[in-house]
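# Observations on the three-dimensional arrangement
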Amino acid sequence: MYLEEIRNEINCIDEQIVKLLEERMELVNQVAEIKKNSEVAIFDYKREQKILEGVASQVKNKRYEEAIVGTFYDIMKNSRKYQNKKLGSQE
Ligand SMILES: C=C(O[C@@H]1C=C(C(=O)O)C=C[C@H]1O)C(=O)O
């Protein structure tokens, strides 16, 4: 495949990822609403570790595992950043 063709495929995948990330953030926003009215902390280390372990076990090609797990780590870091901003925390 030529560079342009490969990049077009990447663009299609990116569109799907953006759509799914937006859906994920809608749910994160709902979680934040619940946290706002309770004592539940924004950061849940155990939950994040479980998610990362689950992601690692789903990756079929182990050459990509580090990159994909790292991506999910960043997704959750930004999810927390969003929640902290929404809830006005200094974290
Ligand atoms: C969304 C939550 O808040 C944080 C972000 C998470 C995520 O983006 O998946 C998971 C755990 C928490 O550290 C949650 O508590 O479920």
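Everything in this summary refers to the structure shown in the same document. Here the structure is a predicted model, which is why all the values come from computation and not from measurement.

### What to know about the layout of surface pockets
In this structure, the largest pocket spans a volume of roughly 350 Å³. Forming the boundary of the largest pocket are 16 residues, of which Val31, Lys35, Arg47, Ser79 and Gln83 lie nearest the centre. Those elements giving two or more residues to the lining of the largest pocket turn out to be α1 (3-36), α2 (45-58) and α3 (65-86). The dominant element in the lining of the largest pocket, judged by the number of residues it contributes, is α1, at 5 residues. Across the lining of the largest pocket, the residue classes break down as 8 nonpolar, 2 polar and 6 charged.

### Section: the packing of aromatic side chains
Under the counting rule described, the total for this entry stands at 1 aromatic pair. Ring plane angle 80° and centroid distance 6.3 Å describe the contact between Phe43 and Tyr45, whose orientation is recorded as edge-to-face. On the basis of relative accessible area, Phe43 is assigned to the partly exposed category, the value being 39%. On the accessibility criterion, Tyr45 (53% relative accessible area) is exposed.

### Quick notes on the pattern of salt bridges
All chains considered together, the criterion is met by 5 salt bridges. Across the salt bridge formed by Lys19 and Glu23, the nearest N and O atoms sit 3.5 Å from each other. In this pair, Lys19 and Glu23 both sit in helix α1, 4 residues apart, roughly one turn of the helix. Across the pair Arg80 and Glu48 runs a salt bridge whose closest N-O atoms are separated by 2.8 Å. With Arg80 in helix α3 and Glu48 in helix α2, this residue pair connects regions lying 32 residues apart in the sequence. Neither residue differs from the other here; Arg80 and Glu48 are each classed as buried. Several salt bridges share partner residues, and in doing so they unite Glu33, Lys36 and Lys86 into one network.

How each quantity is defined
- Here the residue numbering is sequential within each chain, running from 1 through the sequence in written order.
- Reporting in this predicted model follows two pLDDT cut-offs: at least 70 for local features of residues, and 80 or more for side-chain atom pairs to be given and counted; totals over whole chains, interfaces and linings ignore these cut-offs and use all residues.
- Computation of side-chain values: all heavy atoms of the structure, hydrogens and water removed.
- Whether a set of points on the 1 Å grid over the protein atoms alone is a cavity depends on a 1.4 Å probe fitting there but being unable to get out, while an open set qualifies as a pocket with protein on both sides within 12 Å along at least five of seven lines; lining residues are those with an atom within 4 Å of a point.
- Grid points are joined across faces, edges and corners, and a volume is the space filled by probe spheres set on the points.
- Secondary structure elements are taken from DSSP: a helix is a run of H or I of four residues or more, a strand is a run of E of two residues or more, and numbering for both begins at the N terminus.
- Throughout this entry, Asp, Glu, Lys and Arg are counted as charged residues, while Ala, Val, Leu, Ile, Met, Phe, Trp, Tyr, Cys and Pro are counted as nonpolar. The remaining residues, Gly among them, count as polar.
- The rule is short: rings of Phe, Tyr and Trp, with Trp giving its six-membered ring, pair when the centres are within 6.5 Å, and they are stacked under 30 degrees, edge-to-face over 60, tilted in between.
- Each residue gets one of three labels from its accessible area relative to the maximum for its type: buried under 20%, exposed over 50%, partly exposed in between, using a 1.4 Å probe on protein chains only.
- Counted as salt bridges are all cases of a side-chain nitrogen of Lys or Arg within 4 Å of a carboxyl oxygen of Asp or Glu.

Taken by themselves, the reported measurements are silent on function.
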